[in-house]
Amino acid sequence: GPLLASTLDRTVSPGAALIIQTTGPDSSPTLVGWAQLLTNGNIGGFAVFGSGLQQAVVPIENRNAGSYVLYFDNTSGFATGVALANTTTQTVAVTVTVRDDTGAAVSSNTISLPAQGHTSFNLIDRYSTTAQKRGTVEFKTPANGQIGVLGLSFSPAGAFSTIPVLAK
C-alpha cells in the first residue's frame, strides 16, 4: 500500500524486480529531486518517469567517472534539459565546459552543488551560447566527489526522451 517516507528498505531476491512508484496529486505542481540506491549486493535498474502517455527511461548510474559528456541539440525548436546530483556528503564544485559541434569551447563555468544536493535547468536558460546549436557539455567530477548527470531532449511537439550520458 501507500507509504509516506523519505527512505525505503527492501530485500530484492536474485532475478526479481522491485517497483517503486511515486506520485502526487494531479493538482500539485511538478516537483524535482533525485533518488539514491544503496546496496550491499550487485544491483542494476532503471528509472521510468513520465507525463500523461509519455515515458522516458534512464539506467541507474553506477559509474564514478572523472567527467560526463552530454550531447545536446537545441535546433529546430528542440530543447535540452539537464539534471545534476551530488551523491556525497560534502559540497562540490562541478566544472562545466560547453562545446559546439566543431568541438570549440563556447562557454564554461562552475556549478556548486550542496551535500546530497540537486539542480536542474534548461540548457539554453543557463548557457545562452547553446541556442540554435548542437554540441556537447562536459561535467567534470571534482576530486573526492561523485555526481550523477541526466539529459533530456524535448521536441517542439512536447514529447521528451532521455539522452545517454557518456563517461569520460
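What you see is a predicted model, and the numbers here were worked out from it, not measured in a lab.

Q: Mind showing me how you'd approach the sheet that holds strand β11 (residues 166-167) here?
A: For sheets, the rule is that strands pair by backbone hydrogen bonds, running either parallel or antiparallel. Taken in spatial order, the 5 strands line up as β6-β5-β8-β3-β11 in an open sheet, and their pairing is antiparallel. One side of each edge strand has no neighbouring strand; the edge strands of this open sheet are β6 (105-113) and β11. In this sheet, β6 lies alongside strand β5 (residues 92-100) in antiparallel orientation, the contact comprising 8 bridges. Along β6, the bridge assignment pairs Thr 95 with Thr 110.

Q: Could you clarify how one ought to interpret the environment of Tyr 127 in this entry?
A: Take Tyr 127: it is sitting in the loop between α1 (123-126) and β8 (134-140). Look at Tyr 127 and you get buried, because its relative accessible area is 3%. C-alpha separation for the pair Tyr 127 and Gly 44, spaced 83 residues apart in sequence, amounts to 33 Å. Non-local contacts of Tyr 127, meaning those with residues more than four positions away in its chain, are made with Val 96, Val 98, Ser 107, Asn 109, Ile 111 and Phe 121.

Q: Honestly, the side chain of Asn 86 in this entry has me stumped. Any pointers?
A: Turning to its location among the elements, Asn 86 is positioned in strand β4 (residues 79-86). Of the residues examined, Asn 86 reaches a relative accessible area of 0% and is grouped as buried. Polar contacts involving the side chain of Asn 86 include one to the main-chain carbonyl oxygen of Leu 113, which spans 3.4 Å. Here Asn 86 is in contact with Trp 34, Thr 91, Val 92, Leu 113, Pro 114, Ala 115, Gln 116, Gly 117 and Gln 146, once residues within four sequence places are set aside.

Q: What am I meant to see in a nonpolar patch on the surface here?
A: Residues Leu 3, Leu 8, Val 12, Leu 18, Ile 20, Leu 37, Ile 43 and Ile 60 make up a contiguous nonpolar surface patch of about 680 Å² in total accessible area. The topology assignment puts Ile 60 in the loop between β2 (54-59) and β3 (67-73). Since its relative accessible area comes to 37%, Ile 60 is described here as partly exposed.

Q: Just to check I follow, could you spell out the pairing of β3 for this structure?
A: For a regular strand, side chains alternate in direction, first toward one face of the sheet and then toward the other. The buried count for β3 comes to 6 of 7 residues, which makes it a mostly enclosed element. Summarising the sheet, β3 and β8 pair through 7 bridges and their orientation is antiparallel. Each residue of the ladder has a partner; that of Leu 70, found in β8, is Val 137. Judged from the 2 bridges that link them, β3 and β11 form a sheet pairing that is antiparallel. Each residue of the ladder has a partner; that of Tyr 68, found in β11, is Ala 167.

Q: Hey, could you run me through the nonpolar core in this one?
A: Soluble globular proteins tend to pack their nonpolar side chains together in the buried interior. With 21 residues, the main nonpolar core has Val 96 and Phe 139 as its most contacted residues. Every element with two or more residues in this core is listed here: β3, β4, β5, β6, β8 and β9 (147-154). Tallying contributions element by element places β5 first for this core, with 4 residues. Non-local contacts of Val 96, meaning those with residues more than four positions away in its chain, are made with Ser 107, Ser 108, Asn 109, Ile 111, Tyr 127, Val 137, Glu 138 and Phe 139.

Definitions and limits used
Residues numbered from 1 in each chain as written. Predicted model: local features only at pLDDT ≥ 70, side-chain atom pairs only at ≥ 80, totals over all residues. Heavy atoms only, no water. Pairing = 2+ DSSP bridges. Helix = DSSP H or I, 4+ residues; strand = E, 2+ residues; numbered from the N terminus. Buried < 20%, exposed > 50% of the residue type's maximum accessible area, 1.4 Å probe, protein only. Contact = heavy atoms within 4.5 Å. Polar contact = N/O pair within 3.5 Å; in protein donor to acceptor, adjacent residues only side chain to side chain. Patch = residues over 30% accessible without salt bridge, like charges linked within 9 Å, V, L, I, M, F, W, Y side chains within 5 Å. Areas by Shrake-Rupley, 256 points an atom, 1.4 Å probe, with all protein chains shown as cover. Salt bridge = Lys/Arg side-chain N within 4 Å of Asp/Glu carboxyl O. Core = buried A, V, L, I, M, F, W, Y, C linked by side-chain atoms within 4.5 Å.

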